[in-house]
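# Examining the three-dimensional arrangement
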Amino acid sequence: MMQKINRLAVCILLLLTTACKPVEAVSSGSQCESRIAVDSGSQNIISTLPNNAVMRTLNPSFFGFNLEWVDFQQDLWDSKKLQVRPAVVEWLKPFNGAVYRYPGGTGSNYLNWRDAVGEQASRPVRPRVDWLGPIAPRFGFDEYLEFVEMVGGRPWVVLNIYGGYDGEGDGVVLAKDAADWASYAAKRAKAGKPSVLRWELGNELDRGKTLWPPAKYSKVAGQAVQAVRESQPEAKFVGMLQDWPAQKQFTVSEYNRTVMSELKPAVGEFAHHLYYEEERWGSVSERMRFVCRSVDDARATGLKQATFWITEHTRGLSSQGDFKKWKLDWPKSSNLEAAMVIAESYIAATQFPEVQGMFLHSLGTAHGPWPLFNASQQDVHPSAVYWGIRILRDNMLQNVLVSQVKSRNAEGSIGDHDVRAAVLTDVNQHNYAVWAVNRYGASSKLSLKIPSLSGKQVKTSFTYISDPNKESNNYLVATNIVPQTRESAMTFGADGVAVIELPPYSVSALRMTPH
């Protein structure tokens, strides 16, 4: 492969090595699928149970970001002042407790951690990615830990179990390197820096140009686990699973069951990468069914308490192969429609007790697809996607209630519904919140049937982003898509029903406090 191609081309390559294959039909038949389903109905309604049964709990690490270190360094790092651009830090502080995945995606398979620590001047200049010449990691591991500390986040590290930019390395040597990295991180934690939450075992080695079969991946990953545990017995690991059949000789379940079987009991947590919407990926619900399948696969291999993390997720783009069209499609990755489908994925994930966190792709680029921020030399401002997930995070309560959602599909979306919603409450079940997405281009009424609020009047705060044009974005004008809030009172009837109106093309959150 050429040593240098432009960023446009590498984005094509990135997609080709992640999620651009047609999805495989999934039907596990488990209760998992019924939890994520939005039933068809003549009206939009979300109903909870009379006893306020709790589906699962949420914590701040439910939100996370895949931090691609090269893109981040190029776009959001001040190379003169050797610091993250202050505006980025301020915009991320409201996600206190979020997880930041470093060194990110494919670049994790090439980075030697020793290149990314110590004196800036001594860090070696090497080829790191296909679309850029040789560079040194100025935003290295030390700077990453400082950044995570500033934003109140949690570190998450993808171990390099592959080798380097020039090719595959020796698994035993890489395992020793992984152990040394974990020891270094432990020393930094003793010095007051944040401790690593999880060590993820490589990035997408089952696909692209590597195509590791499950037995090889399990062997090399297992070597790294064993080496790290010798010095850091409390370290926790996450294995990487498939979510589409990247290798013809294995079905997704065959691949994943082999990995789970080979890595247990040392590893009981696993990662998926989900790209959704657009032609090749299918709807949020379709992609989430892959997680349902993994829940079933884990149980089939004896892992009854397996945990799952979505360490990359975002709206997919279908224009790979046509560079000009691809660049024109970049706004689709962070416009209002992207904000809606991404918010919907978080709402769907609340129905999975097994899913602990969702890491948005990506926190890194500001001049390519999937930007969380739009940036110039003078300004950094949030994208529509940022505001969509910020609304959810600002209105997150600990408990997600068991609920059933019915929706019309007047918009004709590929997910077969206009509205998806979830009901949350605090530990004392005093305050309530509703997360909702309306993908219809007109206002939609949503009936809330919450028996525990029957006959009660509640104070409400309703925050949302909306625009008549679902392709509206913040690329050039920072205030195109910004949250609006209105406060009022609302009364639930004797039947426990109240109605709210969702703006057209919107992500919203309703906070309710009974008088």
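Summary of the structure given here. (Residues numbered from 1 in each chain as written. Predicted model: local features only at pLDDT ≥ 70, side-chain atom pairs only at ≥ 80, totals over all residues. Heavy atoms only, no water.)

## Focus: the sheet that holds strand S11 (residues 198-201)
Ordered by their spatial adjacency, eight strands build a closed barrel running S4-S7-S8-S11-S12-S13-S14-S15, and the pairing between neighbours is parallel. Taken over all neighbouring pairs, the strand axes of this sheet differ in orientation by 30 degrees on average, direction set aside. Bridging between strand S12 (residues 237-240) and strand S13 (residues 269-276) involves two bridges; their strand directions are parallel. The partner of Gly-239 across the bridge, within S13, is Phe-270. (Pairing = 2+ DSSP bridges. Helix = DSSP H or I, 4+ residues; strand = E, 2+ residues; numbered from the N terminus. Axes fitted to C-alpha atoms, helices over the stretch in contact; angles between N-to-C directions.)

## Topic: the sheet that holds strand S1 (residues 39-40)
Strands sit in the order S1-S19-S2-S22-S25 across an open sheet of five strands; the sheet is mixed. Since the sheet does not close on itself, it has two edges, and those belong to S1 and strand S25 (497-502), each with one partner. Bridging between strand S2 (residues 44-48) and strand S19 (residues 403-407) involves four bridges; their strand directions are antiparallel. Among the inter-strand pairings, Ile-46 is bridged to a residue of S19, identified as Val-405.

## A few points about unusual backbone geometry
Here the bond from Tyr-102 into Pro-103 is cis, since omega is 5 degrees, no more than 30 degrees from zero. On the secondary structure map, Pro-103 appears in the loop between strand S7 (99-102) and helix H5 (141-151). The phi torsion at Leu-211 lies on the positive side, around 50 degrees, for a residue other than glycine. If you trace the backbone, Leu-211 turns up in the loop between S11 and helix H7 (214-231). Positive phi, close to 70 degrees, is recorded for Glu-277, a residue that is not glycine. Classification of Glu-277 as buried rests on a relative accessible area of 5%. (Buried < 20%, exposed > 50% of the residue type's maximum accessible area, 1.4 Å probe, protein only.)

## Some thoughts on the environment of Asp-418
Among the structural elements, Asp-418 can be located in the loop between S19 and strand S20 (419-425). A residue is classified by how much of its surface remains accessible, and Asp-418, at 0% relative accessible area, is buried. Through-space distance from the C-alpha of Asp-418 to that of Ile-389 is 18 Å; in sequence the pair is 29 residues apart. Once you skip the residues sitting within four places of it in the chain, Asp-418 turns out to touch Ser-407, Arg-408, Asn-409, Ala-410, Glu-411, Val-437, Asn-438, Arg-439 and Tyr-440. A polar contact of 3.1 Å, which involves the side chain of Asp-418, links it to the backbone nitrogen of Glu-411. (Contact = heavy atoms within 4.5 Å. Polar contact = N/O pair within 3.5 Å; in protein donor to acceptor, adjacent residues only side chain to side chain.)

## Notes on the environment of Met-240
Summarising the element assignment, Met-240 is placed in strand S12. Apart from residues no more than four positions distant in its own chain, Met-240 is found in contact with Glu-200, Leu-201, Gly-202, Glu-204, Arg-207, Tyr-217, Tyr-255, Val-259, Ala-271, His-272 and His-273.

## Some remarks on the nonpolar core
Within the largest apolar cluster, 130 residues are counted, with the highest numbers of intra-cluster contacts made by Tyr-100, Phe-147, Tyr-217 and Leu-363. Take this core: its biggest share by element is 11 residues, from helix H12 (residues 336-349). Each residue touching Phe-147, except ones within four places of it in the same chain, is listed here: Leu-67, Phe-72, Val-84, Val-89, Leu-92, Tyr-100, Phe-139 and Leu-363. (Core = buried A, V, L, I, M, F, W, Y, C linked by side-chain atoms within 4.5 Å.)

## Considering H12
Given 3.6 residues per turn, any residue in an α-helix points the same way as the ones three and four places further on. A rise of 1.5 Å per residue sets the reference length of H12, with its 14 residues, at 20 Å; its end C-alpha atoms lie 20 Å apart and thus fit the reference within 8%. Taken across its 14 residues, H12 has 14 buried, putting it largely inside the fold. The opening residue of H12 is Asn-335, an N-cap whose side-chain oxygen sits 3.2 Å from the backbone nitrogen of Glu-337. (Expected span 1.5 Å × (residues − 1).)

## Some remarks on the packing of aromatic side chains
For any pair of aromatic rings, geometry is given as the distance between the ring centres together with the angle between the planes. This structure, assessed with the given rule, holds 36 aromatic pairs. Judged by centre distance (6.3 Å) and plane angle (40 degrees), the ring pair of Tyr-162 and Trp-212 falls under tilted. One end of the pair, Tyr-162, is in the loop between strand S8 (154-159) and strand S9 (163-164); the other, Trp-212, is in the loop between S11 and H7, with 50 residues separating them in the sequence. Look at Tyr-162 and you get buried, because its relative accessible area is 10%. A cation sits over an aromatic face here: Arg-408 above Tyr-440, 5.8 Å from the ring centre. (Phe/Tyr/Trp six-rings, centres within 6.5 Å; stacked < 30°, edge-to-face > 60°. Lys NZ or Arg CZ within 6 Å of the ring centre and 35° of its normal.)

## Here we look at the environment of Ser-413
Tracing the backbone through its elements, the reader meets Ser-413 in the loop between S19 and S20. Separated by 27 residues in sequence, Ser-413 and Tyr-440 place their C-alpha atoms 8.5 Å apart. Reaching out from Ser-413, the side chain makes a polar contact with the backbone oxygen of His-417 at a distance of 2.8 Å.

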